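The primary structure of each chain is shown beneath.
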Amino acid sequence: MEITCPMLPREKLLKDGVATLTDTELLALFLRTGTRGKNVFTLASEMLEHFGSLYSLLSAELVDFERVEGIGIAKYAQLKGIAELARRYYVSQMHEDDSLLSPDQALAFLQSQLSEEEREIFMVIFLDNQHRVIHHCRLFSGTLNSVEVHPREIVREAVKVNAAAVILAHNHPSGRAEPSNADKEVTQRIIKCCQFMDIRVVDHLIIGRGEYVSFAEHGWI
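Residues numbered from 1 in each chain as written. Predicted model: local features only at pLDDT ≥ 70, side-chain atom pairs only at ≥ 80, totals over all residues. Heavy atoms only, no water.

## So, the overall build of the chain
For clarity, the threshold we go by: Each helix is a run of H or I in the DSSP string that is no shorter than four residues. Each strand is a run of E no shorter than two, and both are numbered from the N terminus. Burial classes: relative accessible area under 20% of the type maximum marks a residue as buried, over 50% as exposed, and values in between as partly exposed (1.4 Å probe, protein chains only). Two residues qualify as a contact provided that any one of their heavy atoms is within 4.5 Å of a heavy atom in the partner residue. Surface accessibility follows the Shrake-Rupley procedure with a 1.4 Å probe radius. Residue values consider only the protein chains on display as shielding. Within this scheme the basic residues Lys and Arg register as positive and the acidic residues Asp and Glu register as negative, but His and the chain ends are omitted. For the purpose of locating charges, the reference atoms are NZ of Lys, CZ of Arg, CG of Asp and CD of Glu.
A tally of regular secondary structure across the chain gives nine helices and five strands. Listing the helices and strands of the chain from first to last along the sequence gives α-α-α-α-α-α-α-β-β-α-β-α-β-β. Dimensions of the chain, computed from C-alpha atoms along their principal axes, come out at roughly 75 × 35 × 30 Å. Buried residues in the chain amount to 39% of all 221 residues. Considering only contacts in the chain between residues 6 or more positions apart, those separated by 24 or more positions represent 55%. Counting only carbon and sulfur atoms, one obtains 51% of the accessible surface of the chain, whose full area is about 13,100 Å². Both charge centroids of the chain, one from 23 positive and one from 31 negative side chains, sit 3 Å from each other.

Structure, rendered in structure tokens:
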């Protein structure tokens, strides 16, 4: 009986496209080598099983890696570099693309910027009237579970860059993206302030760890 060997990740990528790779295959592609007595596919599979997901793996700290047998500083540095490369990719994409193509693009960018922050950060993306990105910035930073937001500062910045619309976002370091009453109240205050200057609030995204909540999707905006 003839046994067909499975296609290697690089060959599969070139033949069928990168999106066809499983999480294990994609991780094996980056790791390149296994450890003593363990090939790279087994290593990748065991790492994903240990951490639970690619997100948890790429956001883990060195102390977490040290608990996994056969994983050293070199592979930790390699994976942290991959995570940082992805974050910078989204920053570059926001600056170079002609328009904000979809809500998914905004979400991916904001998750890359906020999901690993240990304090609450309030971020705003400023758009023109065709929803092209003009500017984005972290306007306010707070503590582990709160951030003080000043709607007038958001409007002032929007006027300064001649923005027609804004996307609001902040993170919940606890990991849970469920909005609080204070989140809903400050969103309404920002909307009212923006209306005076004919600036539209497109969405307010709360970023957790591996989850998010969109005010627009829930009909709250």
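## A closer look at helix 7 (residues 103-114)
The line we're drawing: Helix span, expected: 1.5 Å multiplied by one less than the number of residues in the helix.
End to end, helix 7 covers 16 Å across 12 residues, agreeing with the expected 16 Å (1.5 Å per residue, within 8%). Within the sequence span of helix 7, burial applies to Gln 105, Ala 106, Leu 107, Ala 108, Phe 109, Leu 110, Gln 113 and Leu 114.

## So, the sheet that holds strand 2 (residues 133-141)
Sheets are built from strands paired through backbone hydrogen bonds, the pairs being either parallel or antiparallel. The condition is simple: Strands qualify as paired when DSSP identifies two bridges or more between them. In this description, a line fitted to the C-alpha atoms serves as the axis of each element, helices being fitted only across the stretch in contact, and the angle between N-to-C directions of two axes falls anywhere from 0 to 180 degrees.
Spatially, five strands are ordered 2-1-3-4-5 in an open sheet, and the strand pairing comes out mixed. Looking at strand neighbours, the two that pair on one side only are strand 2 and strand 5 (212-214), the edges of this open sheet. Strand-to-strand, the axes of this sheet are offset by a mean angle of 20°, without reference to chain direction. Strands strand 1 (121-127), strand 3 (165-171) and strand 4 (200-207) of the sheet are contacted by helix 9 (residues 181-196), whose axis makes an angle of about 160° with strand 4.

## Brief notes about the packing of aromatic side chains
Going by this rule: Any pair of Phe, Tyr and Trp rings, taking the six-membered ring for Trp, is counted once the centres come within 6.5 Å. Such a pair is stacked with planes under 30 degrees apart, edge-to-face with planes over 60 apart, and tilted for the rest.
Taken as a whole, this structure holds four aromatic pairs when the rule is applied. Seen in terms of ring centroids, Phe 51 and Phe 65 are 5.2 Å apart; in terms of plane orientation they differ by 40°. Their pairing is tilted. Of the two residues, Phe 51 is situated in helix 3 (residues 40-51) and Phe 65 in helix 5 (residues 62-65); the sequence distance between them amounts to 14 residues. In this structure, Phe 51 and Phe 65 share a single accessibility class: buried. Considering the side-chain rings of Phe 65 and Tyr 76, the 5.2 Å spacing of their centres and the 75° angle between planes classify their relative orientation as edge-to-face. Here Tyr 76 lies in helix 6 (residues 73-96) and Phe 65 lies in helix 5, a separation of 11 residues in the sequence. In this structure Phe 65 comes out as buried when scored by relative accessible area, which is 1%.

## A closer look at the environment of Gln 195
Its location among the elements puts Gln 195 in helix 9. Residues Gln 195 and Leu 14, spaced 181 residues apart in sequence, show a C-alpha to C-alpha distance of 50 Å.

## Some points on the packing of helix 8 (residues 151-160) against helix 9
For any two helices packed against each other, the geometry is given by the interaxial angle and the distance between the axes. Worth spelling out the cut-off: Note on terminology: angles under 35 degrees are roughly parallel, angles over 145 are roughly antiparallel, angles of 65 to 115 are roughly perpendicular, and the others are oblique. Left-handed describes a crossing in which the near helix is turned anticlockwise from the far one by less than a right angle; the clockwise case is right-handed. Residue type decides the class: Asp, Glu, Lys and Arg count as charged, Ala, Val, Leu, Ile, Met, Phe, Trp, Tyr, Cys and Pro as nonpolar, and the leftover types, Gly among them, as polar.
Between helix 8 and helix 9, the least distance of the axes is 9 Å, while the angle of their chain directions is 40°. Looking at the two axes, helix 8 sits oblique to helix 9. Remark: the crossing between helix 8 and helix 9 carries right-handed chirality. Contacts between helix 8 and helix 9 involve Pro 151, Ile 154 and Val 155 on the former and, on the latter, Arg 189, Ile 190, Cys 193 and Cys 194. Partitioning the contact of helix 8 with helix 9 into residue classes produces six nonpolar, no polar and one charged.

## Observations concerning the nonpolar core
The test is simple: As used in this record, nonpolar core signifies buried Ala, Val, Leu, Ile, Met, Phe, Trp, Tyr and Cys residues forming a set joined through side-chain atoms within 4.5 Å.
One finds Phe 122, Val 149, Ile 154, Val 166, Leu 168 and Ile 190 to be the most contacted residues of the largest nonpolar core, which totals 19 residues. Elements with a minimum of two residues in this core: strand 1, strand 2, helix 8, strand 3 and helix 9. Top element by residues in this core is helix 9. It accounts for four residues. Not counting chain neighbours up to four residues away, the residues in contact with Leu 168 comprise Phe 122, Met 123, Val 124, Ile 154, Ile 190, Val 201, Asp 203, His 204 and Leu 205.

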